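Architecture and fold: a report
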2 protein chains.
Amino acid sequence: MAAITEETLKVSYEQLGDLEKEFEENEVEIIRHQVALNKPLYEKRAKILDDLPGFWPLVLEQAPPDVDQYIQPSDSAVLLSSLRNLTVSHFEIENGGQGDPRSIAIRVEFNENDYFEDSVLEKKFWHRRAKSGWTGLVSEPVPIKWKKPGKDLTQGLLDLVVKVWEEDQKRGAGKVPITKAKDYTPAQKELKKKIELVGMGGVSFFGWFGFRGFPISEEESRAATEKDKENRRLRAEGKPVPDEDDDEDEDEDDEDDDPYGLEIFPDGDELAIAISEDLWPSAIKYFTSAQETGDMSDIDFEDGMDEDDEDEDEEEEEAPTGKEPPAKKRKA
Amino acid sequence: MAAITEETLKVSYEQLGDLEKEFEENEVEIIRHQVALNKPLYEKRAKILDDLPGFWPLVLEQAPPDVDQYIQPSDSAVLLSSLRNLTVSHFEIENGGQGDPRSIAIRVEFNENDYFEDSVLEKKFWHRRAKSGWTGLVSEPVPIKWKKPGKDLTQGLLDLVVKVWEEDQKRGAGKVPITKAKDYTPAQKELKKKIELVGMGGVSFFGWFGFRGFPISEEESRAATEKDKENRRLRAEGKPVPDEDDDEDEDEDDEDDDPYGLEIFPDGDELAIAISEDLWPSAIKYFTSAQETGDMSDIDFEDGMDEDDEDEDEEEEEAPTGKEPPAKKRKA
C-alpha cells in the first residue's frame, strides 16, 4: 500500500463526500421506480380497506414509537374514533411529473367529530436543498377549523402559526421570513410566548399540521442542487472549485438567527418520514399485529357488524401448519 | 358503505395477506434494481477506501445499536486493530444470476492478529421460505482457526457448532437435523451444556459465524414458494384452496421440538440484516460522524502517516457557509 499523505486523505474525503451524493441520486431513482411499481398495489389496498372501516385506527394503535411518541392521550380520543383514511402520495411525480419523488403529501380523512369541521387535512412536504448543503423536507402550515376554542387540541398554537405564515406571504414571496427574535412582529411575539407556555413536550399531534421547517424556496433549492452538481463535476475532473465566500450576505454568522425559533412541531419532518416510510408501507403488518394482540379494547372495530360475532378473530389467521419455525422470526 | 358481514371480513383479511405477498415481490424487484444500480458506486467506494485503511474500524466504532450491541469489549480489541475490509454482496444475483436478491454474503477481511489464522471470513445467508409460511435468512457455520484455545473468543462454542454441523452433513443432505433434546448426539449435548455455561448474553461477535437459523432446504423453500403462489392465484380466481393438513407428518405439534435450541447466536439473521441494510450502505455517514466526534482515542487511524499531522481533521470537513440550517437536520 502506498504511503498515505495529508493530500491523499483530503482527496479521499472529498471523493467520499461526492460519492455519497451519487448514492443519493441513485436512491432517488429507486424511490421513483418503487413508487411507480407499488402504485397499483396501494390502489388495491385502498379498495380492500373500503370494507374495513376500523383499519387505520387499529394501525395507529400499533404504530411504531417514531409515530406513537407524537400522539398525546387527548389526540388518541379523536384519532381512534374518527380517523377514516390515510393516504401518502408522491405528488411531484404523479401524472408523469418529473419532480422529486421524496416530496410527499399526507392526506388524512376524518369522520364527523366534536373537534373540527374539516373532513380532510392534507399536508405537503417538499424535498429541498439549502445553499448550506442541508437537504430535507419543508412544509407550509395547514389550518384546522376548530369547532370551539375549547376544542382546539393545539391550544391556539396552530392558529397563530397560520397567522404568522399569512403575514410572511403578504410581505412577498421572495422575502425571507423574519427569524431573529429582536425583529419579531406582534403575532410572532405572541406565538413565541405561547410556544413557551404550552411547552414543547406536550404539543398535540395536530400541531404537526403547523410544521414549516427551514425557509428554503424552490429557487434556492434548484440553484443549490445545480451548483452542487457543477462542483462535483469540477472535482471529478480535477479542476478547482470556486470559493463560496463571494456570495452576498452569506458569510455573516449571526447568533440571533434561529429559523426554528417559531416551530411548534420541530420534528414535523421526522414524523412525515415515519408515516411515509413506515406506517404507510407497513400498515397491513401493524393491522395484523393489532389483531394478534387482540387488544381491541379502545376501538369498536366491528362497528356496523352484528355484535354477536365475537369469536371470529382467531379464525382469520392462517392456521400454523405444524412444527415449523414460529412466526416470531418473520420479517416485514 | 355496504354492511360488513363476517364473510366480507374474512375475504378482506385474506386479500390483505395476499396483497402483502405482492408487495414483497415488488420489494424483491426493487432490491434487484438497487443492487445493480449501486454496484459501480460500491466498487468506486472500495477503490477510495484503499487509501483509508482505518475506515472500517472507525465505522464500527460508530456502528448503530443494532450492530454495536453484539460487539463485546473483547471483540473490540481484535476488530479495531485488525479489521481490514468488509464487503456485502448479493451472491444469488451476481454475474447474471436470477436468484433471490435478499440472499447475502458478508465477507470480512483481517490483518495478521493474535487470535486467529484466517485473513478472510465469509458468511453466506440464504433467503428461504418454510412450509409454515415463515420467511427469512438461514446460514451455515463458518469455522475459525483460533491460534490457541485461550484465544478462542467464543470459548469453544463455534468449534462445537461446526462439529455438530459436520455430523448433520454426514447423516445426509436430505435429512432434517435433530432438533429434540431427547434425541441429541453427544456433541449436541456438549454444545447445549456449553451454551448454558457461556450464557446467551455475553456471546462474542465471532459466535455470529456459527449462526445456522431454521433448517430450511433449498427444495423446501422452492416448493413452499410455488405452493404459496398457486394458493394466491386460486384465491384471486375465487377457487377453493386445498387444505394443508394432508401433508405427511406435518400436523404433529411437538412441544419438545426446538430448532433454535442449539443456536449460539440466535439473532444472527438480524445482525446480518443490520450489517447489509445499515452499516454497509451508510458506512460513509458513520465514518464522517466518527471524524466529527473526533473520538479517535482507540484507533491509530493515521497509521502509516507522519505523526505530526494532528491538526488536519477539522480542515477535512467542508466549511459551513454561513447562517443556513444546521447539519443537525441532515438526512442520511
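Residues numbered from 1 in each chain as written. Chains lettered and ligands numbered in written order. Predicted model: local features only at pLDDT ≥ 70, side-chain atom pairs only at ≥ 80, totals over all residues. Heavy atoms only, no water.

**Some remarks on the packing of helix α1 (residues 6–49) of chain B against helix α7 (residues 218–236) of chain B**
Packed helices, taken two at a time, are described by their axes: the angle between them and the distance between them. Residues and elements named next belong to chain B. In contact at an axis separation of 11 Å, α1 and α7 are set at 130° when each is read in the N-to-C sense. The angle between the axes of α1 and α7 places the two elements in the oblique class. Two packed elements cross with a definite hand, and for α1 against α7 that hand is left-handed. Where α1 abuts α7, its residues E14, D18, K21, E22 and E25 lie against D228, K229, R232 and R235. A breakdown of the residues in the contact of α1 with α7 according to their chemical character gives no nonpolar, no polar and nine charged. (Axes fitted to C-alpha atoms, helices over the stretch in contact; angles between N-to-C directions. Helix = DSSP H or I, 4+ residues; strand = E, 2+ residues; numbered from the N terminus. Parallel < 35°, antiparallel > 145°, perpendicular 65-115°, else oblique. Left-handed = near helix turned anticlockwise from the far one by under 90°. Contact = heavy atoms within 4.5 Å. Nonpolar A, V, L, I, M, F, W, Y, C, P; charged D, E, K, R; others polar.)

**Topic: the pattern of salt bridges**
According to the stated counting rule, one finds 44 salt bridges over all chains in the structure shown. A salt bridge links R222 of chain A to E218 of chain A; the shortest N-O distance between them is 3.0 Å. Of this pair, R222 of chain A and E218 of chain A both sit in helix α7 (residues 218–236), separated by four residues, roughly a single helical turn. Given the relative accessible area of 43%, E218 of chain A is considered partly exposed. Residues R84 of chain B and E109 of chain B are paired through a salt bridge, measuring 3.4 Å at the closest nitrogen-oxygen approach. Separated by 25 residues along the polypeptide, R84 of chain B in strand β1 (residues 83–89) and E109 of chain B in strand β2 (residues 104–110) bring together distant segments of the chain. For R84 of chain B, a relative accessible area of 39% corresponds to the partly exposed category. Assessed through its relative accessible area of 12%, E109 of chain B is described here as buried. Look at the salt bridges and you will find they share partners, linking K21, E25, D228 and R232 of chain A into a network. (Salt bridge = Lys/Arg side-chain N within 4 Å of Asp/Glu carboxyl O. Buried < 20%, exposed > 50% of the residue type's maximum accessible area, 1.4 Å probe, protein only.)

**A few points about the sheet that holds strand β4 (residues 135–139) of chain A**
Paired through backbone hydrogen bonds, the strands of a sheet run either parallel or antiparallel to each other. All names here are of chain A. One open sheet holds the four strands; their spatial order is β1-β2-β3-β4, and the pairing between them is antiparallel. Each edge of the open sheet is held by one strand with a lone partner, namely β1 (83–89) and β4. Ignoring strand direction, the axes of neighbouring strands in this sheet form an average angle of 20°. Here strand β2 (residues 104–110) pairs with strand β3 (residues 120–129) via six bridges, running antiparallel. Its bridge partner lying in β3, E109 is registered against V120. (Pairing = 2+ DSSP bridges.)

**Re the side chain of S204 of chain B**
All names here are of chain B. Secondary-structure assignment places S204 in the loop between α6 (186–198) and α7. Classification of S204 by relative accessible area gives buried; the value is 3%. With sequence-adjacent residues up to four places away left out, S204 is seen in contact with Y70, Q72, D75, L153, T154 and F265.

**Focus: unusual backbone geometry**
All names here are of chain B. With a phi angle near 50°, N95 is a residue other than glycine that sits in the positive phi range. Here N95 lies in the loop between β1 and β2. Overall, the relative accessible area of 83% leaves N95 in the exposed class.

**A look at the environment of L157 of chain B**
Residues and elements named next belong to chain B. Structurally, L157 can be placed in helix α5 (residues 157–170). Along the sequence, L157 and K175 sit 18 residues apart, while their C-alpha atoms lie 24 Å from each other. Every residue in contact with L157, bar those within four places of it in the chain, is listed here: L191, K194, I195, V198, V203 and I264.

**Some remarks on the packing of aromatic side chains**
What characterises a pair of aromatic rings is the spacing of the ring centres plus the angle enclosed by the ring planes. Tallied over the entire structure, the rule returns 44 aromatic pairs over all chains. With a centroid separation of 5.1 Å and 65° between ring planes, the pair formed by W208 of chain B and F209 of chain B is classed as edge-to-face. Each member of the pair, W208 of chain B as well as F209 of chain B, carries the same accessibility label: buried. Aromatic ring contacts, followed pair by pair, group F110, F116, F125, W146, F205, F206, W208, F209 and F211 of chain A into a single cluster. Here the basic side chain of R45 of chain A rests over the ring of W280 of chain A, its NZ or CZ set 4.4 Å away from the ring centre. One Lys or Arg, K285 of chain B, reaches over the ring of Y286 of chain B and ends 4.9 Å from the middle of that ring. (Phe/Tyr/Trp six-rings, centres within 6.5 Å; stacked < 30°, edge-to-face > 60°. Lys NZ or Arg CZ within 6 Å of the ring centre and 35° of its normal.)

**Observations regarding the environment of Y70 of chain A**
Residues and elements named next belong to chain A. Turning to its location among the elements, Y70 is positioned in the loop between α3 (65–68) and α4 (73–82). Note: C-alpha distance between Y70 and K182 (112 residues apart in sequence) is 31 Å. With near-sequence residues (within four places) excluded, Y70 lies in contact with D75, V203, S204, F205, F265, D267, E270 and L271.

Don't take any of this as a statement about function, it's just geometry.
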